[in-house]
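Results of the structural survey
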Amino acid sequence: MSADALVSPAAPALIAPSSPLRLGVLASGSGTNFAALAAAIANGELPATLQVLIYNNPKALVAERAQQWQIPSVLLNHRHYNSRESLDAAIVETLKTYDVEWVVMAGWMRIVTPVLLNAYPQRVINLHPSLLPSFRGLHAVEQALAAGVKITGCTVHLVEEAVDSGPILVQAAVPVLAEDTPATLHARIQRQEHHILKQAIAHLAAAHSLSR
């Protein structure tokens, strides 16, 4: 079965908006999805620009990927803030400085607050490694294996205040194999994550073009 057959909805025709979507990415880890977005934009697959990367873990490899792609990056270490709201206020200030219009949470391991969501209403998207609403929160891959499901996957959705909630934009289904470990299943889900994150942004770009 092809990757496209596992994904819903289908990818839209590429429509170049009058101006590219200006994206800001929040990430905490290795940054494979960030790199996939950067490559897709560089290859002309997505009508978007990466304005800034914000990361919260000083050791996150995603910062090196941003440097490789010559994309500005800003460390906002959550340990230096006394509340989620104060961290989100610093995030919003940084996003505004870099003229971001859409926020992409790609492996962002922090719970966001209304401070961010009200600054970017219905313009924050998140990538989660399960078929939501199943297996919300941390360790979604391990949750799927423990539950014994035969199919799991990944989801891109608009972010609301409740964890891993909000309207679903794109999902991809991934079969769970009898011999799967968390590492092998996560690797197959991650390949689909790269695919649907690009697809979700393509849908947003198409809608953006039609609304202007």
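Quick caveat, the model's predicted, so the values are computed rather than measured.

Quick look at the pairing of strand 2 (residues 21-27) now. Burial of strand 2 is extensive: 6 of the 7 residues sit out of reach of the surface. In terms of strand pairing, strand 2 meets strand 3 (residues 48-55) through 7 bridges, oriented parallel. Looking across to strand 3, one finds that Ala27 is bridged to Tyr55. Chirality of the crossover, the property in question, places the unit of strand 2, helix 1 (residues 32-42) and strand 3 among those that are right-handed.

The subject of this paragraph is helix 1. For helix 1, the tally of buried residues reaches 9 of 11 residues, placing the bulk of the element in the interior. Turning to helix 1, its buried residues number three or more, namely Thr32, Asn33, Phe34, Ala35, Ala36, Leu37, Ala38, Ala40 and Ile41.

Below, the discussion takes up the pattern of salt bridges. On inspection of all chains with the given rule, the structure shows 5 salt bridges. Note that Asp99 is salt-bridged to Arg22, the shortest N-O span being 3.2 Å. One end of the pair, Asp99, is in the loop between helix 3 (84-97) and strand 5 (102-106); the other, Arg22, is in strand 2, with 77 residues separating them in the sequence. Since its relative accessible area comes to 42%, Asp99 is described here as partly exposed.

Here the focus is the layout of surface pockets. Rolled over the atoms, a probe as big as a water molecule pinpoints where empty space is left. Computed from the structure, the largest pocket encloses a volume of approximately 950 Å³. Lining the largest pocket are 37 residues, and of these Gly107, Trp108, Met109, Pro129 and Leu138 sit closest to its centre. Listing elements by their share of the lining of the largest pocket, those giving two or more residues are helix 1, strand 5, strand 6 (124-128), helix 5 (140-147) and helix 6 (182-211). In terms of residue class, the lining of the largest pocket is made up of 16 nonpolar, 14 polar and 7 charged.

Here we come to the nonpolar core. Within the largest apolar cluster, 42 residues are counted, with the highest numbers of intra-cluster contacts made by Val25, Val104, Ile125, Leu197 and Ile201. Among the elements that line this core, the one with the most residues is helix 6, at 9 residues. In contact with Val25, other than residues within four places in its own chain, are Phe34, Leu37, Leu50, Val52, Leu53, Ile54, Val104 and Ala106. Of all hydrophobic cores here, the second largest spans 20 residues; its members include Ile54, Leu87, Val92 and Val159.

Okay, unusual backbone geometry next. For the bond running from Ser8 to Pro9, omega is 0°, close enough to zero to count as cis. Here Pro9 lies in the loop between strand 1 (7-8) and strand 2. In this model, Leu132 is joined to Pro133 through a cis peptide bond whose omega is 15°. Along the chain, Pro133 turns up in the loop between strand 6 and helix 5. Despite not being glycine, Gln122 has its phi angle at roughly 55°, a positive value.

Turning to helix 3, a few remarks are in order. The first and last C-alpha atoms of helix 3 sit 20 Å apart over 14 residues, in line with the 20 Å expected at 1.5 Å per residue. Buried within helix 3 are the following residues: Leu87, Asp88, Ala90, Ile91, Val92, Thr94 and Leu95. The inward-facing, buried residues of helix 3 abut strand 2, strand 3, strand 4 (73-75), strand 5 and helix 4 (114-119).

Quick notes on the rules
- Residues numbered from 1 in each chain as written.
- Predicted model: local features only at pLDDT ≥ 70, side-chain atom pairs only at ≥ 80, totals over all residues.
- Heavy atoms only, no water.
- Buried < 20%, exposed > 50% of the residue type's maximum accessible area, 1.4 Å probe, protein only.
- Helix = DSSP H or I, 4+ residues; strand = E, 2+ residues; numbered from the N terminus.
- Pairing = 2+ DSSP bridges.
- Right-handed = clockwise from strand over helix to strand, strands pointing away.
- Salt bridge = Lys/Arg side-chain N within 4 Å of Asp/Glu carboxyl O.
- 1 Å grid on protein atoms, 1.4 Å probe; cavity = no way out; pocket = protein on both sides within 12 Å on 5 of 7 lines; lining within 4 Å.
- Points joined across faces, edges and corners; volume = space filled by probe spheres on them.
- Nonpolar A, V, L, I, M, F, W, Y, C, P; charged D, E, K, R; others polar.
- Core = buried A, V, L, I, M, F, W, Y, C linked by side-chain atoms within 4.5 Å.
- Contact = heavy atoms within 4.5 Å.
- Expected span 1.5 Å × (residues − 1).

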